[in-house]
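Structural overview for review
Now for the letters of each chain:
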Amino acid sequence: MERTYIMVKPDGVERGLVGEILKRFEAKGYQLTALELMHPTKEHLEEHYCDLKEKKFFPGLIQYMLSGPVVGMVWTGKEAVKTGRKLLGETNPLASLPGSIRGDFAIDVGRNICHGSDTPENAEKEIALWFPRGVKTLKREKGIDALIYE
Ligand code: UDP
Ligand code: MG
C-alpha cells in the first residue's frame, strides 16, 4: 500500500482547518498512519523544500512555513500520493476546483494551507524526514478495508 506525507501549513493550523483536512482524507477511505503537531526549524524546512532552493519565492516560503506550528500526517492506501494531490487541489488555489481543499479554503499560492507529496519516492523521503523514528501501519479493525477495497 502506498503512503503519502500530508502537512497542514501554519496558516491552515491557525485558521482551524486541521479537522477539515483530516476529515477529507478519512472520509475518502485512507488510513491515518501518523499525526503530529510540530515546530520545525529553518534547516528542517529548507531540507523539505530543497528542490526549490533556487526559486525566487524560496525565502518567502521558508518564512511562511516558520510562522507557526504545522501538522504532519501520513496517509496510507491505494494511489495515496496521486489522489492526495487531487484532494488538495492545484498549487495555485485560484486554479483549484471547488471541492478540493485549496479550492475551497485558499486564495493565494503563498498561503495555500497544505502540502502533499508529489511522487511515491518523495513521499518516502518526506516521511523519513518528518517522522525519523519511523511510522507503523497497523491493520485496521472491524473489516473496514473490505468496505473500501474490492
Ligand atoms: N509557492 C509559492 N510561490 C510559487 C510557487 C510555490 O509561494 O510561485 C509555494 C507554495 O506554498 C507551494 C510551495 O511553494 O505549495 C511548494 O511549491 P510546489 O511547486 O512544490 O507546489 P506544491 O507541491 O505544494 O503544490
Ligand atoms: Mg511540491
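The protein goes by Nucleoside diphosphate kinase in an unreviewed UniProt entry, where it is assigned to Mortierella isabellina. Quoted verbatim from the Sequence similarities (unreviewed entry) field of the UniProt record, the comment on the protein reads "Belongs to the NDK family."

**A look at the packing of aromatic side chains**
The full count for this structure, using the stated rule, is three aromatic pairs. Judged by centre distance (5.5 Å) and plane angle (15 degrees), the ring pair of Tyr5 and Trp130 falls under stacked. Remark: Trp130 occurs in helix H7 (residues 120-130) and Tyr5 occurs in strand E1 (residues 2-8); sequence separation between them is 125 residues. Take Tyr5 and Trp130: they sit in the same class, and that class is buried. Where Phe25 meets Trp75, the ring centres are 5.5 Å apart and the plane angle is 25 degrees; that geometry is what we call stacked. Taken as a pair, Phe25 in helix H2 (residues 18-28) and Trp75 in strand E3 (residues 70-77) lie far apart in primary sequence, 50 residues in all. Across the pair, Trp75 and Phe25 agree in class, each one buried. Through pairs of rings, three or more aromatic residues link up here, namely Tyr5, Trp130 and Phe131.

**Focus: the UniProt feature "binding site: ATP" (unreviewed entry) in the protein**
In the UniProt entry, the feature "binding site: ATP" (unreviewed entry) is given for Lys9, Phe57, Arg85, Thr91, Arg102 and Asn112. Within this annotated set, the largest pocket is lined by Lys9, Phe57, Arg85, Thr91, Arg102 and Asn112. By relative accessible area, which is 46% here, Phe57 ends up partly exposed. Mapped onto the secondary structure, Arg102 falls in helix H6 (residues 101-105). Residue class for Arg102 comes out buried when judged on its relative accessible area of 5%. Discounting residues that sit within four places of it in the chain, Arg102 has contacts with Lys9, Leu88, Gly89, Glu90, Thr91, Pro93, Ser96, Asn112, Cys114 and His115.

**Comments concerning the pattern of salt bridges**
By the definition in use, this model includes seven salt bridges. Asp145 is the salt-bridge partner of Arg140, the closest N and O atoms lying 2.8 Å from each other. When salt bridges that share partners are traced, they join Glu20, Lys23, Arg24 and Asp104 into one network.

Conventions used here
- Residues numbered from 1 in each chain as written.
- Chains lettered and ligands numbered in written order.
- Predicted model: local features only at pLDDT ≥ 70, side-chain atom pairs only at ≥ 80, totals over all residues.
- Heavy atoms only, no water.
- UniProt positions renumbered as here; feature names shortened; annotations may be inferred.
- Phe/Tyr/Trp six-rings, centres within 6.5 Å; stacked < 30°, edge-to-face > 60°.
- Helix = DSSP H or I, 4+ residues; strand = E, 2+ residues; numbered from the N terminus.
- Buried < 20%, exposed > 50% of the residue type's maximum accessible area, 1.4 Å probe, protein only.
- 1 Å grid on protein atoms, 1.4 Å probe; cavity = no way out; pocket = protein on both sides within 12 Å on 5 of 7 lines; lining within 4 Å.
- Contact = heavy atoms within 4.5 Å.
- Salt bridge = Lys/Arg side-chain N within 4 Å of Asp/Glu carboxyl O.

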